[in-house]
Amino acid sequence: MTSKHPETLALHAGWRRDSATNAVAVPIYQTTSFQFESAEHAANLFGLKELGNIYSRIMNPTCDALEQRLAALEGGVAALAVASGQAASAFSVQNLAKAGDNIVASTDLYGGTWNLFANTLKDQGIEARFVDPTDPEAFARATDDKTRAYYAETLPNPKLIPFPIAEVATIGRSFGIPLIMDNTAAPLLVRPFDHGAAVVMYSTTKYIGGHGTSIGGIVIDGGNFDWEANPGRQPALNTPDPSYHGAVWSQAVKPLGPIAYILKMRVTLLRDLGAAMAPFNAFQFIQGVETLALRMREHSRNALAVANYLAGHKDVSRVIHPAHHTGVGADRTAKYLPHGQGGLCGFELAGGSEAGRKFINALKMFYHVANIGDARSLAIHPASTTHSQLTESEQAATGVTPGYVRLSVGIEHIDDILADLSQALDAAKG
Ligand code: PLP
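Residues numbered from 1 in each chain as written. Predicted model: local features only at pLDDT ≥ 70, side-chain atom pairs only at ≥ 80, totals over all residues. Heavy atoms only, no water.

(A) Geometry of the overall build of the protein. From N to C terminus, the protein includes 16 helices and twelve strands. Computed over the C-alpha atoms, the radius of gyration of the protein is 22 Å, within 12% of the 22 Å expected from 2.2 N^0.38 for a compact globule of 430 residues. Taken along its principal axes, the extent of the C-alpha atoms in the protein is 75 × 55 × 35 Å. Within the protein, the fraction of its 430 residues that count as buried is 55%. Residue pairs at least 24 apart in sequence account for 71% of intrachain contacts in the protein once pairs closer than 6 positions are excluded. Accessible area for the protein stands at about 17,800 Å²; split by element, carbon and sulfur atoms hold 54% of it. Once the 34 positive and 40 negative side-chain charges of the protein are each reduced to a mean point, those two points are 1 Å apart. (Helix = DSSP H or I, 4+ residues; strand = E, 2+ residues; numbered from the N terminus. Rg over C-alpha atoms; globule rule 2.2 N^0.38 Å. Buried < 20%, exposed > 50% of the residue type's maximum accessible area, 1.4 Å probe, protein only. Contact = heavy atoms within 4.5 Å. Areas by Shrake-Rupley, 256 points an atom, 1.4 Å probe, with all protein chains shown as cover. Lys, Arg positive; Asp, Glu negative; His and termini not counted. Charge placed at Lys NZ, Arg CZ, Asp CG, Glu CD.)

(B) Region of the structure containing the environment of Ala 79. Looking at the secondary structure, you find Ala 79 in strand β1 (residues 78-82). Classification of Ala 79 as buried rests on a relative accessible area of 5%. Ala 79 sits 122 residues away from Met 201 along the chain, and the two C-alpha atoms are 9.2 Å apart. Those residues in contact with Ala 79 that lie beyond four places of it in its chain are Glu 67, Ala 71, Ile 218, Val 219, Ile 220, Ile 262 and Arg 266.

(C) Just the site of the ligand, in detail. All residues in the neighbourhood of the ligand are listed as Ser 84, Gly 85, Gln 86, Tyr 110, Glu 153, Asp 182, Thr 184, Ser 203, Thr 205, Lys 206 and Gly 216. Gln 86 places a polar main-chain atom, nitrogen or oxygen, 2.9 Å from an oxygen atom of the ligand. Take Asp 182: an N or O atom from its side chain is 2.6 Å from a nitrogen atom of the ligand. Burial of the ligand by the surrounding chains reaches 89%, relative to a free accessible area of 390 Å². (Near = heavy atom within 4 Å. Polar contact = N/O pair within 3.5 Å; in protein donor to acceptor, adjacent residues only side chain to side chain.)

(D) Structural detail: the side chain of Asp 108. Of note, Asp 108 is situated in the loop between β2 (102-106) and α5 (111-123). Under the relative-accessibility criterion, Asp 108 is labelled buried at 13%. Excluding anything up to four places from it in sequence, Asp 108 contacts Pro 133, Glu 153, Pro 156 and Lys 159.

(E) Structural context of the domain arrangement of the protein. Each assigned domain of the protein is listed with its residue range as follows: domain 1 (6-287) and domain 2 (293-428). The centre of domain 1, based on its C-alpha atoms, is set 30 Å off from the matching centre of domain 2. The interface of domain 1 with domain 2 comprises 30 residues on the first partner and 37 residues on the second. Taking both partners together, domain 1 and domain 2 bury about 2,700 Å²; carbon and sulfur atoms supply 62% of that area. Contact with domain 2 buries surface across domain 1, with Pro 158, Leu 189 and Tyr 207 losing the most and accounting together for 27% of the total. (Domains from an automatic or database assignment. Buried area = accessible area lost by both parts, 1.4 Å probe.)

(F) Spatial organisation of the pattern of salt bridges. Enumeration over the complete set of coordinates arrives at 18 salt bridges. A salt bridge links Arg 318 to Glu 348; the nearest nitrogen and oxygen atoms lie 3.1 Å apart. Here Arg 318 is found in strand β8 (residues 316-320), whereas its partner Glu 348 is found in strand β9 (residues 344-349), with 30 residues between them in sequence. Relative accessible area serves as the criterion here: at 42%, Arg 318 is assigned to the partly exposed category. (Salt bridge = Lys/Arg side-chain N within 4 Å of Asp/Glu carboxyl O.)

(G) The arrangement of the environment of Thr 398 in detail. If you trace the backbone, Thr 398 turns up in the loop between α15 (392-397) and β12 (404-408). Residue classification places Thr 398 among the partly exposed positions, given a relative accessible area of 30%. Separated by 287 residues in sequence, Thr 398 and Gly 111 place their C-alpha atoms 9.5 Å apart. In contact with Thr 398, not counting residues within four places along its chain, are Pro 158, Lys 159, His 387 and Leu 390.

(H) Here's a closer look at unusual backbone geometry. Cis geometry is adopted by the peptide bond preceding Pro 158, which originates at Asn 157 and carries an omega value of 15°. Turning to its location among the elements, Pro 158 is positioned in the loop between β4 (147-153) and α7 (165-175). Although it is not a glycine, Leu 48 adopts a positive phi angle of roughly 60°. Here Leu 48 is to be found in the loop between α2 (39-46) and α3 (61-74). With relative accessibility at 19%, the residue Leu 48 sits in the buried group.

This is the structure we're talking about:
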């Protein structure tokens with residue numbers, strides 16, 4: 001596929017037809033295992049002399065089509081589909097950092113990622129050093145000899161301030177440290193590899209799927225990071241791996257292309273921890289990806305219209321949307337999101353927590369769910385749900401105030417979206 005246009009790649013990259021049946025749609029290869037051609041073929045596959053299907057925990061043709069398509073859309077070289085966004089986040093870090101190592105992560109992260117880093121990876125001996133992304137230099141200050149990766153979200157909610165990808169990627173590269181970007185909220189709107197990130201991950205559960213049917217995740221290798229430049233900085237890819245006959249991944253994988261990072265993840269972490277994406281889910285995500293460019297355009301258009309409407313409403317004290325920032329936030333939006341700011345929009349009700357609760361209860365079309373990124377419009381009142389275990393000051397630190405409502409604006413007709421919001425705002429007053 002020679003096209004670089006996302007609309008075309010979304011329909012064509014990584015797949016033409018089924019070689020056995022000529023089927024145009026990617027079949028769901030619901031099989032655990034794949035017959036080897038011969039004893040030699042089997043030995044070559046296991047020895048990584050040849051790449052091919054062995055067992056669906058490690059690779060599967062339906063997942064492969066999704067992996068190739070998303071790698072192409074992102075401008076990367078290869079990808080690994082996994083069971084959830086959480087698995088993708090965990091693998092992206094565990095592939096580089098071992099007990100005694102650390103990563104530097106943005107404070108502005110999805111709560112599940114924060115928990116993974118602050119608790120589960122900590123228990124595994126990997127320290128996450130959280131820094132405020134307002135100042136990119138904070139990443140350099142938190143770096144030491146044991147820092148293996150930087151980690152951030154492109155468009156973290158609730159603040160919705162784009163992350164300074166190029167600034168932090170450049171700092172990382174000066175140390176030999178890759179920047180891993182969670183691009184879940186901004187597929188196609190931002191391509192982090194274009195700004196110097198080395199790895200991109202998604203919760204495909206959200207916009208990639210778009211239909212709210214399946215949990216999944218993916219890690220994409222940019223193929224743009226020199227893992228050998230500073231071998232002491234990246235021991236996981238530059239020292240013999242006892243779990244694979246002492247393979248040194250940066251060397252062993254060279255004949256196959258710049259895919260050392262992602263191939264190691266597949267044949268070690270996925271092999272051992274087993275968080276594989278089911279072929280049925282990969283099929284669902286492929287259907288989603290086909291319309292991703294159209295949906296992101298509509299999500300962005302509708303969310304901007306919602307933000308503008310809310311900004312003019314007398315019961316709304318503040319609107320949080322990338323196009324409504326001032327100062328650094330506005331500069332970052334101009335730099336990273338010039339062609340659309342995504343489907344997320346937050347706002348604060350002047351009436352505080354009680355008004356927030358009433359507003360949510362009055363919504364008729366918006367679904368009240370914890371998810372984001374569906375084609376349908378979704379809403380949640382974080383202070384009484386996702387953030388209710390935090391104190392009010394802890395909530396404030398994450399950007400959640402008592403009257404804050406988060407919207408994931410869908411692709412319904414804008415008149416119907418605004419009508420539902422309008423009647424719920426009226427009800428929240430009563
Ligand atoms: N990253 C972001 C930005 C998310 O919003 C989520 C889920 O809400 C995740 C990662 C985790 O993804 P999953 O729920 O697919 O495990």
